[in-house]
Amino acid sequence: MTSQKIATIERLEMLEEKFGISLNGVYAEIYGPDDHENWTLKVNGEILALNGGELENDFSLKMSAFNSVGDCVETNDLNISAELFFGIDTFSFYCGWVSTGDIQKVRVFPTKKA
């Protein structure tokens, strides 16, 4: 099994500012293939509140992974609660059973909670 760091991490800083956060230290790595020819994608990072440590609203943190031709081949999301957030926290997306090791770019961004 091999691992490869994903060199291109894209953040949407305009959306981060709108939600009053900054995403720091975002790191992505793909591992595999396993015995069934599946890959595992892991994305880690830190969420920092910009306005005094408090969030105004709950939000979702989304992740999209793209292959070398620009196809979005994996997505994931996490819900972040404003009530439970105390200024700084970490996040981790773990995507098992990814069908390809050809992940060239990862995008992480906040959206309104559904």
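For the structure itself, look to the data block above.
Reference entry: report on the structure contained in this document. Given the structure is predicted, the values throughout are model-derived calculations rather than measurements.

Here we look at the pattern of salt bridges
Counting across every chain of the model gives five salt bridges. The closest approach of N and O atoms between E10 and K105, which form a salt bridge, is 3.6 Å. One end of the pair, E10, is in strand β2 (residues 8-11); the other, K105, is in strand β8 (residues 105-112), and 95 residues separate them in sequence. Of the charged contacts, one joins K113 and D58 as a salt bridge, the two residues approaching to 3.9 Å between their closest N and O atoms. Taken as a pair, K113 in the segment after β8 and D58 in the loop between β4 (39-49) and β5 (59-66) lie far apart in primary sequence, 55 residues in all. Taking relative accessible area as the criterion, D58 reaches 33% and is therefore assigned partly exposed. In this structure, a network of salt bridges that share partners links the residues E10, K105 and R107.

Let's talk about the environment of S68
Relative to the assigned elements, S68 resides in the loop between β5 and β6 (72-80). Judged by its relative accessible area of 52%, S68 falls in the exposed class. In contact with S68, not counting residues within four places along its chain, are D102 and Q104. In this structure the side chain of S68 is engaged in a polar contact, spanning 2.8 Å, whose partner is the side chain of D102.

With respect to the packing of aromatic side chains
Throughout the structure, instances matching the rule amount to two aromatic pairs. Pairing F19 with F59 gives two aromatic rings, centres 5.8 Å apart and planes at 50 degrees, and the pair type is tilted. Remark: F59 occurs in strand β5 and F19 occurs in the loop between α1 (13-18) and β3 (21-32); sequence separation between them is 40 residues. When the ring centre of F66 is taken as origin, the NZ or CZ atom of K105, which lies over that ring, is 4.8 Å away.

Points about the layout of surface pockets
By rolling a water-sized probe across the atoms, one finds the places where empty space is left. Counted as a void, the largest pocket has a volume near 180 Å³. Considering the residues around the largest pocket, the lining is formed by E17, K18, F19, G20, N51, E56, N57, D58 and K112. The residue makeup of the lining of the largest pocket, split by class, is one nonpolar, three polar and five charged.

Looking at unusual backbone geometry
Cis peptide bonds are those with omega within 30 degrees of zero, and the linkage from G32 to P33 qualifies with -5 degrees. If you trace the backbone, P33 turns up in the loop between β3 and β4. The backbone of E37 sits at a positive phi, close to 65 degrees, despite the residue not being glycine. You can see E37 is positioned in the loop between β3 and β4. Look at W97: it is not a glycine, yet its phi comes out positive at around 65 degrees. You can call W97 exposed: its relative accessible area is 71%.

Reading guide: rules and limits
Residues numbered from 1 in each chain as written. Predicted model: local features only at pLDDT ≥ 70, side-chain atom pairs only at ≥ 80, totals over all residues. Heavy atoms only, no water. Salt bridge = Lys/Arg side-chain N within 4 Å of Asp/Glu carboxyl O. Helix = DSSP H or I, 4+ residues; strand = E, 2+ residues; numbered from the N terminus. Buried < 20%, exposed > 50% of the residue type's maximum accessible area, 1.4 Å probe, protein only. Contact = heavy atoms within 4.5 Å. Polar contact = N/O pair within 3.5 Å; in protein donor to acceptor, adjacent residues only side chain to side chain. Phe/Tyr/Trp six-rings, centres within 6.5 Å; stacked < 30°, edge-to-face > 60°. Lys NZ or Arg CZ within 6 Å of the ring centre and 35° of its normal. 1 Å grid on protein atoms, 1.4 Å probe; cavity = no way out; pocket = protein on both sides within 12 Å on 5 of 7 lines; lining within 4 Å. Points joined across faces, edges and corners; volume = space filled by probe spheres on them. Nonpolar A, V, L, I, M, F, W, Y, C, P; charged D, E, K, R; others polar.

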